[in-house]
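Coordinate inspection notes
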Amino acid sequence: MIRFEQVSKTYKNGTPALVNISLDIEKGEFVFLVGASGSGKTTFLRLLLREESPDSGRILEAGRDIGDLPKWRVPYLRRNIGCVFQDFRLLPNKTVFENVAFALEVIGRPRSTVESQVPQILELVGLTDKSSNLPGELSGGEQQRVAVARAFVNRPLILLADEPTGNLDPANSEIIMSLLERINRTGTTVVMATHDKGLVDRMRRRVVELDRGEMIRDQVRGVYGIDEPAMGH
Amino acid sequence: MRVYLRYAIKETISNLWRNRMMTIAAVLTVAVSLSLVGAALLLKQSAAQASAQWQQGTRVTVWMEPTASKAEISTIQGQLANLPIVKSCVYYTQSQDYQEALQLLPRSESSVLSVTDVPSSFRCVPTVPQNAFVVESQFSNQPGVYSVTAPEQQIRQMNRAIRVLQIVFLALAGVLLLSATVLILNTIRMAIFSRRREVSVMKLVGATNWFIRIPYITEGFIQGLLGSVVAIIAVTALKIWYPLHNEFQLNARSLIGTSTVVLVVGVLIGSVGSAIAIRRFLDV
Ligand SMILES: Nc1ncnc2c1ncn2[C@@H]1O[C@H](COP(=O)(O)OP(=O)(O)OP(=O)(O)O)[C@@H](O)[C@H]1O
Ligand SMILES: [Mg+2]
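Residues numbered from 1 in each chain as written. Chains lettered and ligands numbered in written order. Predicted model: local features only at pLDDT ≥ 70, side-chain atom pairs only at ≥ 80, totals over all residues. Heavy atoms only, no water.

**Re the site of ligand 1**
All names here are of chain A. To be explicit about the condition: Any residue with a heavy atom positioned within 4 Å of a molecule or strand is treated as near that molecule or strand. N or O atoms closer than or at 3.5 Å make up a polar contact, with two conditions inside protein: a donor-capable atom paired with an acceptor-capable one, and, for residues adjacent in sequence, both atoms drawn from side chains. Secondary structure follows DSSP: runs of H or I at least 4 residues long count as helices, runs of E at least 2 residues long count as strands, and numbering of each begins at the N terminus. Polar here means any residue other than Ala, Val, Leu, Ile, Met, Phe, Trp, Tyr, Cys and Pro, which are nonpolar, and Asp, Glu, Lys and Arg, which are charged; Gly is therefore polar.
In the region of ligand 1, 14 residues are neighbours, and Ser37, Gly38, Lys41, Thr42 and Thr43 sit closest. Note that an oxygen atom of ligand 1 is positioned 2.7 Å from one of the side-chain N or O atoms of Lys41. Within the side chain of Thr43, a nitrogen or oxygen atom sits 2.5 Å from an oxygen atom of ligand 1. Considering each element in turn, the shell around ligand 1 owes the most residues, 3 residues, to helix α1 (residues 41-48). In terms of residue class, the shell around ligand 1 is made up of 3 nonpolar, 9 polar and 2 charged.

**Considering the domain arrangement of chain B**
Selection rule: Note that the domain bounds reflect an automated or database-derived domain assignment.
Here chain B is described as being made up of domain 1 (2-53 + 158-279) and domain 2 (59-150). Averaged C-alpha coordinates put domain 1 of chain B and domain 2 of chain B at centres separated by 53 Å.

**Brief notes about the nonpolar core**
Put simply, the test is: Think of a nonpolar core as a cluster: buried Ala, Val, Leu, Ile, Met, Phe, Trp, Tyr and Cys residues, connected wherever their side-chain atoms sit within 4.5 Å. The buried label goes to any residue with under 20% of its type's maximum accessible area, the exposed label to any with over 50%, and the partly exposed label to all in between, with areas taken from a 1.4 Å probe on protein chains only.
In this structure, Phe32 and Val106 of chain A are the most contacted members of the largest nonpolar core, which totals 75 residues. The element best represented in this core is helix α7 (residues 152-194) of chain B, accounting for 8 residues. Core analysis: the next-biggest nonpolar cluster, separate from the first, contains 28 residues, Phe44, Ile59, Leu160 and Val208 of chain A among them.

**Focus on the state of the cysteines**
Residues and elements named next belong to chain B. This is how the line gets drawn: Two cysteine sulfur atoms make up a disulfide if the distance between them is within 2.5 Å.
Going through the model one piece at a time under the given rule, you end up with 1 disulfide over all chains. Cys89 shares a disulfide with Cys124; S-S distance 2.1 Å. Taking the torsion about the S-S bond as the criterion, the Cys89 to Cys124 disulfide, at about 100 degrees, is right-handed. Separated by 35 residues along the polypeptide, Cys89 in strand β2 (residues 86-92) and Cys124 in strand β3 (residues 121-126) bring together distant segments of the chain. When its relative accessible area of 0% is taken as the criterion, Cys124 is described as buried.

**Comments concerning the packing of helix α8 (residues 196-205) of chain B against helix α9 (residues 209-241) of chain B**
Residue and element names in this part refer to chain B. Put simply, the rule is: Between N-to-C directions, angles cover 0 to 180 degrees, with each direction set by a line fitted to C-alpha atoms, over the stretch in contact for helices. Convention used here: angles under 35 degrees read as roughly parallel, angles over 145 as roughly antiparallel, angles from 65 to 115 as roughly perpendicular, and any remaining angle as oblique. Contacts are residue-level and defined by heavy atoms, with any inter-residue pair within 4.5 Å sufficient.
One can describe the packing of α8 onto α9 by two numbers: an axis separation of 10 Å at closest approach and a directional angle of 150 degrees. Of the possible angle classes, the one that applies to α8 and α9 is roughly antiparallel. Residues Val199, Met202 and Lys203 of α8 form the contact with α9, whose participating residues are Phe211, Ile212 and Tyr216. In the contact of α8 with α9, the residues fall into 5 nonpolar, no polar and 1 charged.

**Some remarks on the packing of aromatic side chains**
Here is the rule we go by: Stacked, edge-to-face and tilted labels apply to pairs of Phe, Tyr and Trp rings (six-membered ring for Trp) whose centres lie within 6.5 Å, assigned for plane angles under 30 degrees, over 60, and everything in between, in that order. Charges are assigned to positions over rings by a cutoff of 6 Å between ring centre and Lys NZ or Arg CZ, combined with an angular limit of 35 degrees from the ring normal.
All chains considered together, the criterion is met by 4 aromatic pairs over all chains. Ring centres of Trp72 of chain A and Tyr76 of chain A lie 6.5 Å apart, and the angle between their planes is 80 degrees; this geometry places the pair in the edge-to-face category. For Tyr76 of chain A, a relative accessible area of 31% gives the class partly exposed. Over the ring of Phe281 of chain B we find Arg189 of chain B; its NZ or CZ atom is 5.5 Å from the centre of that ring. Positioned above the aromatic ring of Phe193 of chain B, the side-chain terminus of Arg196 of chain B is 4.1 Å from the ring centre.

**Some words on the interface of chain A and chain B**
For clarity, the cut-off: Put simply, buried area is how much 1.4 Å-probe accessible surface two parts lose in total, over both of them, once they are put together. Only one rule defines a salt bridge in this text: a Lys or Arg side-chain nitrogen within 4 Å of an Asp or Glu carboxyl oxygen.
Taken residue by residue, the interface counts 24 residues in chain A and 16 residues in chain B. Summed over both partners, the interface of chain A with chain B buries about 1700 Å², with 65% contributed by carbon and sulfur atoms. Considering only the side of chain A, the residues that lose the most area to chain B are Arg78, Phe102 and Val106 of chain A, jointly responsible for 27% of the buried surface there. Taken together, the links from chain A to chain B amount to 0 salt bridges. Summed over the shared surface of chain A and chain B, the result is 2 residue pairs in polar contact (both at pLDDT 80 or more). At the level of secondary structure, the elements contributing two or more residues to the side of chain A that touches chain B comprise α2 (74-78), β6 (81-85) and α3 (96-105) of chain A.

**Some thoughts on the pattern of salt bridges**
All names here are of chain A. Summed over the entire model, instances satisfying the criterion amount to 19 salt bridges over all chains. Notably, a salt bridge pairs Glu51 with Arg46, separated by 2.9 Å at the nearest N-O pair. The exposure class of Arg46 is partly exposed, given its relative accessible area of 25%. Note that Glu174 is salt-bridged to Arg202, the shortest N-O span being 2.5 Å. Taken together, the positions of Glu174 in helix α6 (residues 170-185) and Arg202 in helix α7 (residues 197-203) put the pair 28 residues apart, joining distant regions of the chain. Several salt bridges share partner residues, and in doing so they unite Arg3, Glu5, Asp24, Arg58 and Asp65 into one network.

**Observations concerning helix α6 (residues 131-139) of chain B**
Residues and elements named next belong to chain B. Under the convention used in this document: Directions drawn from the helix axis to the C-beta atoms are what define this arc.
Among all positions in α6, only Asn131, Ala132, Val135 and Phe139 are buried. Each buried residue of α6 sits inside an arc of 115 degrees when the element is viewed along its axis, so together they form one side. The inward-facing, buried residues of α6 abut β1 (60-64), α3 (70-82), β2, β3 and β4 (145-149).

**Comments concerning the side chain of Ser274 of chain B**
All names here are of chain B. Within the secondary structure, Ser274 sits in helix α11 (residues 252-281). Using a relative accessible area of 0% as the deciding quantity, one classes Ser274 as buried. A polar side-chain atom of Ser274 sits 3.1 Å from the main-chain carbonyl oxygen of Ser271. In contact with Ser274, not counting residues within four places along its chain, are Ile184, Ile188, Tyr216, Ile217 and Gly220.

**A closer look at the environment of Trp63 of chain B**
Residues and elements named next belong to chain B. Structurally, Trp63 is set in strand β1. In sequence terms Trp63 and Ser121 are 58 residues apart; their C-alpha atoms lie 4.5 Å from each other. Those residues within four positions of Trp63 in sequence are excluded, and the remaining contacts are Asp97, Pro119, Ser120, Ser121, Arg123, Val145, Tyr146, Ser147 and Thr149.

**Quick word on the pairing of β6 of chain A**
All names here are of chain A. Note the cut-off: Strands are labelled as partners when DSSP assigns at least two bridges between them.
Counted residue by residue, β6 has 5 buried out of 5 residues, so it is predominantly covered. Side chains Ile81, Cys83 and Phe85 of β6 all project onto a buried face; the interleaved residues Gly82 and Val84 project onto the opposite face, where all are buried too. Bridge analysis of β6 against strand β7 (residues 158-162) gives 5 bridges, and the strand direction is parallel. Paired with Phe85 across the bridge in β7 is Asp162.

**What about a nonpolar patch on the surface?**
Residue and element names in this part refer to chain B. Here is the rule we go by: Residues with no salt bridge and a relative accessible area higher than 30% make up the patches, which join like charges within 9 Å and nonpolar side chains (Val, Leu, Ile, Met, Phe, Trp, Tyr) within 5 Å. Shrake-Rupley sampling with a 1.4 Å probe provides the accessible areas, and residues are treated as covered by the protein chains on show and by no other component.
Residues Phe221, Leu225, Val229, Ile233 and Leu263 make up a contiguous nonpolar surface patch of about 390 Å² in total accessible area. It is α9 that contributes the most residues to the nonpolar patch, 4 residues altogether. Examined against the element boundaries, Ile233 turns out to sit in helix α9. Ile233 gets classed as exposed once you look at its relative accessible area, which sits at 55%.

Structure, rendered in structure tokens:
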């Protein structure tokens, strides 16, 4: 589903963010992206959205080289990718329902689709009774569930999550995590950048670790930090 | 498509409403500058029309000395009658010219006039207006002729004055149109700025660039359109109440032509303003 071929990215100010990354992610996989702050996790996700382009190497999504994609096709690429961020990125003056519906409306989905899909997805994230609340009236965990609903309402092939539990307490992190798992079980490929050690260690999924832009580990059923016990307390 | 139309209309109206103060400023500036453009165009058309009207009936008047003898008068009359470039001539006797002078001159001046002070005259229509000058040069020095007058010069003077006025109007309009464009650009920029969250979410979920842009383009378009509609109303009012109206006799056709120009310029300004704003501030 996702393939990096010797991808390197250096930002304009000279910071190397990714160095010669090669990696394959199969359809339906769940991958944790870990590494210290500044190691290149967000850059990795931004390349998948084509918010940035690599300096060298190729990135393939669903068999297509996204570097070949003309600029006007990029929105269509993004319709197949859902995104969740640490800071939720909801629209504060739209209700929960409207926030989720917005994602469908702006890609031209008819009203009937909006009216059938949105309640369904709100049911999935357990927010049916909050659908006419504004984001400001929700807890952080609930807001992130709305964000997950918005990311998934269009049934994308890929779901990218950049520290989705970064602002949440353990209980809410757990809820978000299990939501992402459920979404993954429907066949959606999930890539999640995270600093949440407990979560990664408990889930035992594939772990890709970056360090100053280099991939230093790619482990099936991995843990957060493999050499941490030796270095830690 | 229907979904999009609804979205675009909703979005445009709410943007206009949100920035209504800026919108009003932009619309008024467009209106004022386009009124000037419209007035300049109308002036040009009315001047052209007026001179055509005047020239059609251009008359050259041969004024005889009040003391001219009957023989001198009939000589001139005969010469005028035989001149092929003169279409027709009417002789006004001294008493006829005296009556006319009584009407034209203020009482203080006409009261000291007597019939014998007033020259008799030939009022002639040349075949083409330029021939007025031929008559003038041929007859001014004939015995018994006091002077020959042709209105050509007045028309030229009037045309020159109108042209200057027109240039002033257009220059002013140019400056104002520029500021109108900047004002529209600025309202669109504010609209984009107040919507940056929405725009970033739209980009994220895969809205196409045109989907994101169109509400802002229509916003500028509508501002330009509203401005030109106000200007057209102003120009029409000007046409109706302008004191020269009767004399200039502007017809509906020139008004429609002017309105079309005003409309096109207004819409163009709105679109250009928003296009620049989108290129510079809407990163899609
Ligand atoms: N837009 C940018 N312009 C210039 N440099 C950038 C930009 N974004 C990131 N960087 C740099 O690239 C490197 C990788 O950043 P990135 O955001 O990918 O790290 P990260 O792993 O997501 O970090 P964190 O865990 O703190 O979110 C860092 O050194 C960062 O300073
Ligand atoms: Mg990051």
